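# Breakdown of the fold
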Amino acid sequence: MTSGAWFRRGWITPRNVVVAAILTFVVLLPVYTSGTGNYFLLSLFTRIVILAMAASTLNLILGYGGMVSFGHAAYVGIGGYVVGILAHEGITTGFLQWPLALIASGVFGLVVGALSLRTRGVYFIMITLAFAQMIYYVALALDRYGGDDGMTIYTRSQFAGLIDLSQKTVFYYLCVVLLLGTIYLVHRLANSRFGLVIQGSRSNDRRMRAIGFPTFRYRLTCFVIAGMLCGLSGALLATHTDFISPAMMHWTRSGDLIVMVVLGGMASVFGPLIGAVALLVLEEVLSGITEYWQIILGPLLLLVVLFARGGVDGILLHWHDHYRSASHGIGNLLARMRRG
Amino acid sequence: MPRTRVRPLAGPSTGSGGASSNPQRYGSTKRCLGLLGHPDARVTTVGGTMLLFVEQCLNGLQFGLLLFLLAAGLTLVFGIMDLVNLAHGSLYMVGAYFAATFTALTGSFIGGVLLALVATCLVGMAVEVIAMRRLYGRDHLDHVLGTFGLILFFNEAVRLIWGPAGMNLTLPSWLNTSIEILPGVPYSSYRFSIIVVALAVALFLYMLVMRTRIGMLIRAGASNREMVSALGVNIKLLYTLVFGLGAALAGLAGLMQAAILTAQIGMGENILILAFVVIIIGGIGSIRGAFVASILVGLIDTVGRAFLPDIFKLVLSQAAASTAGPAVSSMLIYLLMTIVLVVRPEGLFPVSNK
């Protein structure tokens, strides 16, 4: 296919270019870091990839489903704690740890969803927040597992020699694969019949119910799926840091996840990845400038909300619209040049 | 008279609530509980248990009233401006820091407190004019994100100005004693004064909203903003004033709490979530609901924490009880919230219409 056709078909948009650049960077990063020995960068990006995965699951319910869950970090924490607690009790096989992490977060999602999805709007925001806070306090009270101070995980999950998680690069690629898998799953889910019901219910729940969809069940299922996948990202995060602590599910972590989703652009499959990269890299850069970097980040967030509602994604789309005619022009020009 | 959305005070009481031992309970809590009624200071006799129970109930009431101060501002702002303000907890923190600073500067507790209230009110109004005003009418998600940004800003600003260490608000000697509240039951005069002040504030709020012209405008503005402004009322100014009032209430709660614990960065966040629980239970927008719910939450939380571990020890082994006790008692109010949600999804005192 010619580059002209790519332009004409609208594949080359600012957004796709950014996504492609990020993906290339993410996939090739270990090559660079193993060459230079810059493991800080690898560690940072492992974190980014894991949090992008968590944000993708939030995007499923927040972006596509319109369910503003302010307690999503709870699942990260639950996934992490399941792995940590099992490791502490001597059960190190990942074949048990990870499915249990999924199940535990799924059960929590089922309970919270069943209660909170009965409500709407601001009630929903506050209730999900409150339940996440409850889990946070429960973790604080678990003196056996470190309580306030958290607990170190001494043995990473064992997968019977199939994959060695203690190798940084191997673990990084596992995270990348799981992230891409999550993104693909969200994409497939959101565009399936199931996903269309969810999206329809976001736009007008009453109408969806009027035409015969039991939307509560659909939304609850969606909520549970998002929770389970997020629990998996929690297991990854705990493995990455070899540490669990209640801070993993502090409510500001939930806020961070929402920021990533909104910053990257809601209801777009790669949005959370863009958002996670944008937020965490921005944090790194700002904290390099000043110790008080949040004094910049906070107002910046407010400004994004006030003036750039669509986040990075919105800016890229705007840019795209602005130059669409130009890009079509280039495509036509290139095609004409080839023809003649 | 049609019921307005905010109709806040249905009951004469508003309390002021603050947060008392809750949020930071894990860090510096031991210290605070030491002042009075520490569950660990167990007395084994039956009379001792009764005494402890009375004391814990009073602590619960005091905590509940402190929570009410915070929840009242939240629910007022939500009911009238339809704004979810996460940064309300920051105003609580700012109030505490102002009080500590001004008390140290002026050397007078009362003077410092009054100055702090005025200053917090001004900060609140400034925040309203600069940021919040632009968020009215936006999506709730926008409110959450924007005010989340404000929290980061406030926390960092406080760290920049006052440093990362907490600040102590020193009580004058006349508050730092205990009084006999019932024959044979001594109680901290400071905690008792919190109860009195909060109840007075509740009464003041009730009078303000139900019996004054300003209150009438507030209620009218909650029902129909355009109509009120078409009648020639400066609704923008009114909103700013309401926000300032909410800020002052939050600041009052914060500074009262600061004397029990300390003024710390992030002190407002955990208590803010409790205030959310309170207004979910009470019904969003209802000040009466906030009052009832905050006292319920305060009592259940404090009394549960004090006695649940002991009750568990009766049925469970020592080890199991010492693990399950604290975990379950920290879940109690969320269980309460769950039950209320199942029975009445709109809260105990739902605000009709809209």
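Look a little higher up for the structure.
Below is a short write-up of the structure. Residue numbers restart at each chain and count upward from 1, following the sequence in its written direction. For this description, chains carry letters from A and ligands carry numbers from 1, given in the order in which they are written. Local features in this predicted model are restricted to residues of pLDDT 70 or higher, and side-chain atom pairs are both shown and tallied only at a pLDDT of 80 or more, whereas totals for entire chains, interfaces and linings draw on every residue.

### Quick notes on the overall build of chain B
Broken down by element type, chain B carries 12 helices and two strands. By definition, any uninterrupted DSSP run of H or I lasting at least four residues is a helix, any uninterrupted run of E lasting at least two residues is a strand, and each is numbered from the N terminus. Start at the N end of chain B and walk to the C end: the helices and strands fall as α-α-α-α-α-β-β-α-α-α-α-α-α-α. By the convention adopted here, residues are in contact when the distance between their C-beta atoms, placed from the backbone, does not exceed 7 Å. Long-range contacts, defined as pairs at least 24 residues apart, comprise 79% of the intrachain contacts of chain B with a sequence gap of at least 6.

### A closer look at the overall build of chain A
From N to C terminus, chain A includes 14 helices and two strands. Our radius of gyration looks at C-alpha atoms and nothing else; its globule reference is 2.2 Å times the residue count to the power 0.38. The C-alpha atoms of chain A give a radius of gyration of 21 Å, which matches the 20 Å a tight globule of 340 residues would have. Taken over the C-alpha atoms alone, chain A extends approximately 75 × 60 × 45 Å along its principal axes. By the burial criterion, 47% of the 340 residues in chain A qualify as buried. Looking at chain A alone, contacts between residues at least 24 apart form 77% of all its contacts between residues at least 6 apart. Three exposure classes are used. Buried residues have 20 or more other C-beta atoms within 10 Å of their own C-beta, exposed residues have 12 or fewer, and partly exposed residues fall in between, all C-beta atoms being placed from the backbone.

### Digging into the interface of chain B and chain A
In this assembly, 35 residues from chain B lie in contact with 39 residues from chain A. Broken down by secondary-structure element, the contributors of at least two residues to the side of chain B that touches chain A are α5 (140-162), α10 (267-282) and α12 (318-343) of chain B. Examining the composition of the side of chain B that touches chain A, we find that 16 residues originate from one element, α5 of chain B, more than from any other. Class assignment of the residues belonging to the side of chain B that touches chain A gives a composition of 24 nonpolar, seven polar and four charged. Any residue that is not Ala, Val, Leu, Ile, Met, Phe, Trp, Tyr, Cys, Pro, Asp, Glu, Lys or Arg is counted as polar, Gly included; the first ten are nonpolar and the last four charged.

### Some details on the pairing of strand β1 (residues 178-182) of chain B
Along any regular strand the residues' side chains alternate between the sheet's two faces. Residue and element names in this part refer to chain B. Pairs of strands are assigned from DSSP output, requiring at least two bridges between the strands. With four bridges joining them, β1 and strand β2 (residues 185-188) adopt antiparallel strand pairing. Each bridged residue has a counterpart across the sheet, and for I179 the counterpart in β2 is Y187. In textbook terms, the turn of a hairpin is the stretch between consecutive antiparallel strands, and for β1 and β2 this stretch comprises two residues, one of which, G184, has a positive phi near 85 degrees.

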